[in-house]
Amino acid sequence: AKALLAPGLAPSDYVGALLEKELWSDAAGFVGQWLGRKEAVQWACLAARRGLAAAPPPKERAALDAAERWQAALDEPSRRACESAAEALAYRTAPAMAAAAAAWSGGSLAPPDLPKVPPPDNLTGKGAAGAVLMAGAAGAPDVAGRLRELVWLGVDLAEGRWRPPREPRRAEPAGKEG
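Residues numbered from 1 in each chain as written. Predicted model: local features only at pLDDT ≥ 70, side-chain atom pairs only at ≥ 80, totals over all residues. Heavy atoms only, no water.

Peer 1: Looking at this structure, how should I read the overall build of the chain?
Peer 2: Of the regular secondary structure elements, the chain holds eight helices and zero strands. On the principal axes, the C-alpha backbone points of the chain span a range of 65 × 50 × 30 Å. For the chain, with 178 residues in total, the buried portion stands at 41%. Put simply, of all contacts in the chain between residues at least 6 apart along the chain, 57% involve residues at least 24 apart. Counting every atom, the chain has about 10,000 Å² of accessible surface; 55% of that belongs to carbon and sulfur. Both charge centroids of the chain, one from 22 positive and one from 21 negative side chains, sit 2 Å from each other. (Helix = DSSP H or I, 4+ residues; strand = E, 2+ residues; numbered from the N terminus. Buried < 20%, exposed > 50% of the residue type's maximum accessible area, 1.4 Å probe, protein only. Contact = heavy atoms within 4.5 Å. Areas by Shrake-Rupley, 256 points an atom, 1.4 Å probe, with all protein chains shown as cover. Lys, Arg positive; Asp, Glu negative; His and termini not counted. Charge placed at Lys NZ, Arg CZ, Asp CG, Glu CD.)

Following this line, the structure appears as structure tokens:
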């Protein structure tokens, strides 16, 4: 991956070069570090959601829900809930790693009753990259295609091009006007 770096190379061009060489882990890892912590968790959640089965196991659903709640709240109780959800899945699934990325976003890695141990600055991005790689491999008939799609999704987030889908407007009941 280092051999592909060149002076003046834009981050997205570097990601493209990594993907061209099928350096999935390097590409996901780079994007995970490029994104801010909240955006990295968002990327992990989007990827994990795309990798979920139609009827996911309850612990996977709970881990993804916890990570999404953390994104909305950005508070310590939500972060700790993510830690528990990731541990319940032994960090072995994309939703678990999405929750882990949120758990590693700040606070302390130590239990609440022990002295604080702040997470390394790069840990959230590593967790997010792990979620993306696991989601890319989760039951996809075209793993390479899915990994490309998920990594480019992260690039779109980093460059501000991704926007959440808008909820469709509900029609007003007949006879009511606003």
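After presenting the structure, the write-up continues.
Peer 1: Whenever I open this one, helix α6 (residues 94-103) confuses me. Can you help?
Peer 2: For an α-helix, the turn length of 3.6 residues means that residues three or four places apart are oriented alike. Where burial is concerned, most of α6 is hidden: ten out of the ten residues are buried. Residues A94, P95, A96, M97, A98, A99, A100, A101, A102 and A103 constitute the buried set of α6. Of the surrounding elements, those touching the buried residues of α6 are α3 (37-51), α4 (58-73), α5 (76-88) and α7 (123-137). The backbone nitrogen of A96 has a side-chain oxygen 3.1 Å away, supplied by the residue at the start of α6, namely T93. (Polar contact = N/O pair within 3.5 Å; in protein donor to acceptor, adjacent residues only side chain to side chain.)

Peer 1: Mind showing me how you'd approach the packing of aromatic side chains here?
Peer 2: What characterises a pair of aromatic rings is the spacing of the ring centres plus the angle enclosed by the ring planes. With the rule as written, the count across this model stands at three aromatic pairs. When the centroid spacing of 5.0 Å and the interplanar angle of 75° are considered together, the rings of Y14 and F30 count as edge-to-face. Highlighted residues: Y14 in helix α1 (residues 11-20) and F30 in helix α2 (residues 24-34), separated in sequence by 16 residues. With a relative accessible area of 7%, Y14 lands in the buried category. The exposure class of F30 is partly exposed, given its relative accessible area of 28%. Centroid distance Y91 to W104: 6.0 Å. Interplanar angle 15°. Geometry classified as stacked. Placement of the pair is Y91 in the loop between α5 and α6 and W104 in the loop between α6 and α7, with a sequence separation of 13 residues. Each residue in the set Y14, F30 and W34 is aromatic and connected to the rest through ring pairs, giving one cluster. (Phe/Tyr/Trp six-rings, centres within 6.5 Å; stacked < 30°, edge-to-face > 60°.)

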